[in-house]
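Below, each chain spelled out in residue letters.
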Amino acid sequence: MSTATESLISLKTIREAAARISGIASWTPLLRAPFPALSGQTLGTASEKQVWLKAESLQPIGSFKLRGAANKILQLTSEEIARGVITYSSGNHAQGVAYAAREVGAKAVIVMPSNAPAIKRAATLALGAEIVEVGVASSERLAKSEELVAKYGYVVIPPYDDEAIIAGQATCGLEIVEALPDVDLVLSPVSGGGLLSGVSAAVRQLRPGAVVIGVEPELAGDTAESFAKGEIVTWGAELTSRTIADGLRTQSVGVRNFAHIQTFVDRIILVTEAEIRAAMRAIVATTRLVPEPSGAVTTAALLFHGHELPEYRQAVAIVSGGNVAPEMLADVLLERD
């Protein structure tokens, strides 16, 4: 556990966020996933061991990102709303900001990398946002955002390193424990750390004995390396952009997020590209959910890394999003890997 003195979000803050965003973000269900085999685990009977998928792909924007964006934007003053908001995102946070901004009548500007999936770009534009395109590095997105803020006075809605964003994402963990009070294992994707930091804070404060594990592509494993070293490390964009999981290409975990992760997370597991694709197929086959690659990494950990997991009876894997390009989904399902 970390001894970091940075502010960690409380259950009170998380519950306030849940009430605040209830009119915008959806409560998402837990779907039973009867996977035929789990590596390294003794399945036992159905009553002894169950796996559930938290279907964040069913949010109005197809991703958990709406939770944090809504929680941040709904706390803006009328003067801040009039100035407009800006963020930097490869797609899902962009849609969350655009959707929440539209709800309050604020202009939304999104700084997006040139390699963002076309489906996410189109969805962001459809929500009324203005897109400014830059290169593939997350550092480029941040620099352009700062330039536009200085010029136009926009209010920044950070993608992950912000207390209101973390508290909004934490409502996902709150829902998991409320729906499944005896959950003993929760797996969350991780990149910048917004979802994992929030979910782990909620789950571990509500159910201290539960194990929370982050899952990351091995081709973008900067957070896993940071966790192992006990300090934040940065990977170049040429490395993180290799993974199929476009929502997990952030070059380094956020400072506030890392403080939460060090305090509440037990470990981080790395999964391969082939495992991510296989997990996408398994999710579609067993639940009929449509996951994007970033949303399938937790299932990949369950299916292929059982030897790295503790014994459990009730496990929840968060399917963080479902915004996958149709052509990519077709390639994955037809195993044109």
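Note that the coordinates shown come from a computational prediction; the quantities given were computed from them, not determined experimentally.

Undergrad: Help me understand the overall build of the protein, please; the structure alone is not making it clear to me.
TA: Broken down by element type, the protein carries 14 helices and 10 strands. Against the 2.2 N^0.38 benchmark of 20 Å for 337 residues, the protein shows a C-alpha radius of gyration of 18 Å, consistent with a compact globule. Taking the principal axes of its C-alpha atoms as reference, the protein extends roughly 60 × 45 × 40 Å. Counting only residues that meet the buried cut, the protein has 61% of its 337 residues in that class. In the protein, of all internal contacts separated by at least 6 residues, the share reaching a separation of at least 24 is 75%. Carbon and sulfur atoms form 52% of the exposed surface of the protein, whose accessible area is close to 12,500 Å².

Undergrad: Even after reading the chapter, I still don't get the sheet that holds strand β6 (residues 155-156), so can you show me in this structure?
TA: Whenever strands of a sheet pair, they do so through backbone hydrogen bonds, lying parallel or antiparallel. The strand order β5-β4-β3-β6 describes an open sheet built from four strands, whose pairing is parallel. In this open sheet, the two edge strands, each paired with only one partner strand, are β5 (130-134) and β6. Bridging between strand β3 (residues 85-88) and β6 involves two bridges; their strand directions are parallel. Bridging from a neighbouring strand, I86 pairs with V156 of β6.

Undergrad: Would you mind going over the packing of helix α7 (residues 163-179) against helix α8 (residues 194-206) with me for this structure?
TA: Two packed helices can be described by the angle between their axes and the distance between those axes. Running from N to C, α7 and α8 cross one another at 45°; their axes reach a closest spacing of 7 Å. The orientation of α7 with respect to α8, classified from their angle, is oblique. Note on packing geometry: the crossing formed by α7 with α8 is right-handed. Contact residues: α7 offers I166, Q169, A170, C172, G173, L174 and V177, while α8 offers G194, L195, S197, G198, V199, A202, V203 and L206. Split into classes, the residues belonging to the contact of α7 with α8 amount to 10 nonpolar, five polar and no charged.

Undergrad: Help me out: how do you make sense of the sheet that holds strand β7 (residues 185-189) in this one?
TA: If you walk across this open sheet you meet the six strands as β1-β2-β10-β7-β8-β9, and the pairing is mixed. Looking along the sheet, the strands with just one partner apiece sit at the ends: β1 (30-32) and β9 (267-271). Strand-to-strand twist across the sheet, computed as the mean angle between neighbouring axes with direction ignored, equals 30°. With five bridges joining them, β7 and strand β8 (residues 211-217) adopt parallel strand pairing. Across the sheet, L185 pairs through a bridge with V211, a residue of β8. Relative to β7, helix α13 (residues 293-304) is tilted by about 140°, and along the sheet it contacts β2 (50-55), β7, β8, β9 and β10 (314-319).

Undergrad: Sorry if this is basic, but what is going on with the environment of V97 here?
TA: Within the secondary structure, V97 is located in helix α4 (residues 92-104). Residue classification places V97 among the buried residues on the basis of a relative accessible area of 0%. Residues in contact with V97, not counting those within four places in the same chain, are A69, I73, V85, T87, A108, I110 and I157.

So, how was this worked out
Residues numbered from 1 in each chain as written. Predicted model: local features only at pLDDT ≥ 70, side-chain atom pairs only at ≥ 80, totals over all residues. Heavy atoms only, no water. Helix = DSSP H or I, 4+ residues; strand = E, 2+ residues; numbered from the N terminus. Rg over C-alpha atoms; globule rule 2.2 N^0.38 Å. Buried < 20%, exposed > 50% of the residue type's maximum accessible area, 1.4 Å probe, protein only. Contact = heavy atoms within 4.5 Å. Areas by Shrake-Rupley, 256 points an atom, 1.4 Å probe, with all protein chains shown as cover. Pairing = 2+ DSSP bridges. Axes fitted to C-alpha atoms, helices over the stretch in contact; angles between N-to-C directions. Parallel < 35°, antiparallel > 145°, perpendicular 65-115°, else oblique. Left-handed = near helix turned anticlockwise from the far one by under 90°. Nonpolar A, V, L, I, M, F, W, Y, C, P; charged D, E, K, R; others polar.

Purely geometric numbers; function is a separate question.
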